Amino acid sequence: MYSWENPDDRVAIVTLNSELRHAQLELLSAHSAAHQLRVRFSAEDLARFGQRDILRKSVHAALALSEYYSSIERKIPAAEAASEAPTRLSEDRILEAIDLVCSFLREQRERYFHSAAPLTQHQKALIGGYFSPDMLERVQIVKLDGSRVPNPPFYEQARALGFTSLPEITHMHSLTFLDVIVFNEAVTERTLFHGLVHAVQFELLGLARYSSLFVRSFVNTRLHFSVPLEAHAFSLESKFVGTPAHLFSVEDQVRLWMKQGRY
Ligand SMILES: [Zn+2]
């Protein structure tokens, strides 16, 4: 079974979600085609006049799909299933949440900025081909020793609203607070790259928009790695690790997703 703690698995989990989404779109289209049939013809007429082999194959495919998805449904943790269809948040509540996240990110940035240090020449050289020199100059990092970034104070409130799968900040490798990356664990080439992708997202989207996009997608997907801001960071990270010889500009990739409205 995959573990969110393992960086290789995280990439696989992002792929899993993208394929799950793809299958869901195909299901929706099958659903809508079947709906047309239902609206236009009675079940009796379909059973009586429908071409036998096509009818049998359709019934078989629908049953197999239903069995498959039901078997997955039975494995959804009980606690989460109980809070299924959690309180639908009003726009006011969402705006409140965006505000909390926004203030949290700004406060953490101020908190860690004083102990942050610029990237070393060695670090800049490792990832230089992917980020602008200006960005590498501006971003600062903090390596925590013995302590970890705690979960935000508003988590209790969010859990009470039915958000059972909030990202455990304490367990994360690093956190990016605008232009400051705080490492709970060792700074590696790969985790530095990941943190910097978020720094580019903050830079190009701005804090308010970043917070809004994050909260709105999280409210919809309930899983932080399905939030496009995070999924994009993992997919770029996987490209970085997978094809080291192939340089690309993270800034261009982030701009592209912004232009295509993918965040
Ligand atoms: Zn991330």
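Conventions we followed
Residues numbered from 1 in each chain as written. Predicted model: local features only at pLDDT ≥ 70, side-chain atom pairs only at ≥ 80, totals over all residues. Helix = DSSP H or I, 4+ residues; strand = E, 2+ residues; numbered from the N terminus. Buried ≥ 20, exposed ≤ 12 C-beta atoms within 10 Å, placed from the backbone. Contact = placed C-beta atoms within 7 Å. Expected span 1.5 Å × (residues − 1). Pairing = 2+ DSSP bridges. Axes fitted to C-alpha atoms, helices over the stretch in contact; angles between N-to-C directions. Parallel < 35°, antiparallel > 145°, perpendicular 65-115°, else oblique. Left-handed = near helix turned anticlockwise from the far one by under 90°. Domains from an automatic or database assignment. Nonpolar A, V, L, I, M, F, W, Y, C, P; charged D, E, K, R; others polar.

1. What about the overall build of the protein chain?
Scanning the protein chain for helices and strands turns up 12 helices and four strands. Structurally, the protein chain occupies a C-alpha span of about 75 × 45 × 35 Å along its principal axes. When the 263 residues of the protein chain are sorted by exposure, 19% land in the buried category. Sequence-distant contacts in the protein chain: of pairs separated by 6 or more residues, those separated by 24 or more amount to 68%.

2. Concerning the environment of Glu185
Structurally, Glu185 is set in the loop between strand 4 (180–183) and helix 9 (189–205). For Glu185, a count of 13 C-beta atoms within 10 Å translates into the label partly exposed. Residues Glu185 and Ser147, spaced 38 residues apart in sequence, show a C-alpha to C-alpha distance of 9.7 Å.

3. Considerations on unusual backbone geometry
Here Leu178, not a glycine, exhibits a phi torsion of approximately 60°, which is positive. Relative to the helices and strands, Leu178 is located in the loop between strand 3 (174–177) and strand 4.

4. Details of helix 1 (residues 7–40)
If you check helix 1, its first and last C-alpha atoms are 50 Å apart, about what 34 residues at 1.5 Å a residue would give, namely 50 Å. For helix 1, a buried count of two out of 34 residues is recorded, marking the element as mostly open to its surroundings.

5. Digging into the pairing of strand 4
Residue alternation in strand 4 divides its side chains into two sets, Val180 and Val182 and Ile181 and Phe183, and both sets are buried. One ladder, built from four bridges, connects strand 2 (residues 140–143) with strand 4; its direction is parallel. Note on strand 4: the bridge partner recorded for Val142 is Val182. Strand direction decides the pairing type here: strand 3 and strand 4, joined by four bridges, are antiparallel. Across the sheet, the residue bridging to Ser174 is Phe183, located in strand 4.

6. Regarding the environment of Gly128
Looking at the secondary structure, you find Gly128 in the loop between helix 6 (121–127) and helix 7 (133–138). You can call Gly128 partly exposed: it has 14 C-beta atoms within 10 Å. Residues Gly128 and Ala233, 105 residues apart in the sequence, show an inter-C-alpha distance of 17 Å.

7. Focus on the sheet that holds strand 3
A sheet is described by the order of its strands in space; here four strands give the open sequence 1-2-4-3, paired in mixed fashion. Across the chains shown, the open sheet's two edge strands, defined by having one partner strand only, are strand 1 (117–118) and strand 3. Where helix 9 meets the sheet, it contacts strand 3 and strand 4, and its direction lies at approximately 20° from that of strand 3.

8. What to know about the packing of helix 5 (residues 91–113) against helix 10 (residues 207–221)
Contact pair helix 5 / helix 10: the axes reach a minimum separation of 9 Å and the direction vectors enclose 130°. When the interaxial angle is binned, helix 5 and helix 10 end up oblique. Like other packed secondary-structure pairs, helix 5 and helix 10 cross with a definite hand, here right-handed. Listed contacts from helix 10 to Ile94, Ala97, Ile98, Val101, Cys102, Leu105 and Arg106 of helix 5 are Leu207, Ala208, Ser211, Ser212, Phe214, Val215, Arg216 and Val219.

9. Comments concerning the domain arrangement of the protein chain
The domain boundaries assigned to the protein chain delineate domain 1 (7–82) and domain 2 (91–259). For domain 1 and domain 2, the distance between their C-alpha centroids amounts to 35 Å. Facing eight residues of domain 1, the contacting portion of domain 2 comprises nine residues. Residue assignment for the side of domain 1 that touches domain 2 shows that the elements contributing at least two residues are helix 1 and helix 4 (78–82). The class makeup of the residues in the side of domain 1 that touches domain 2 is five nonpolar, one polar and two charged.

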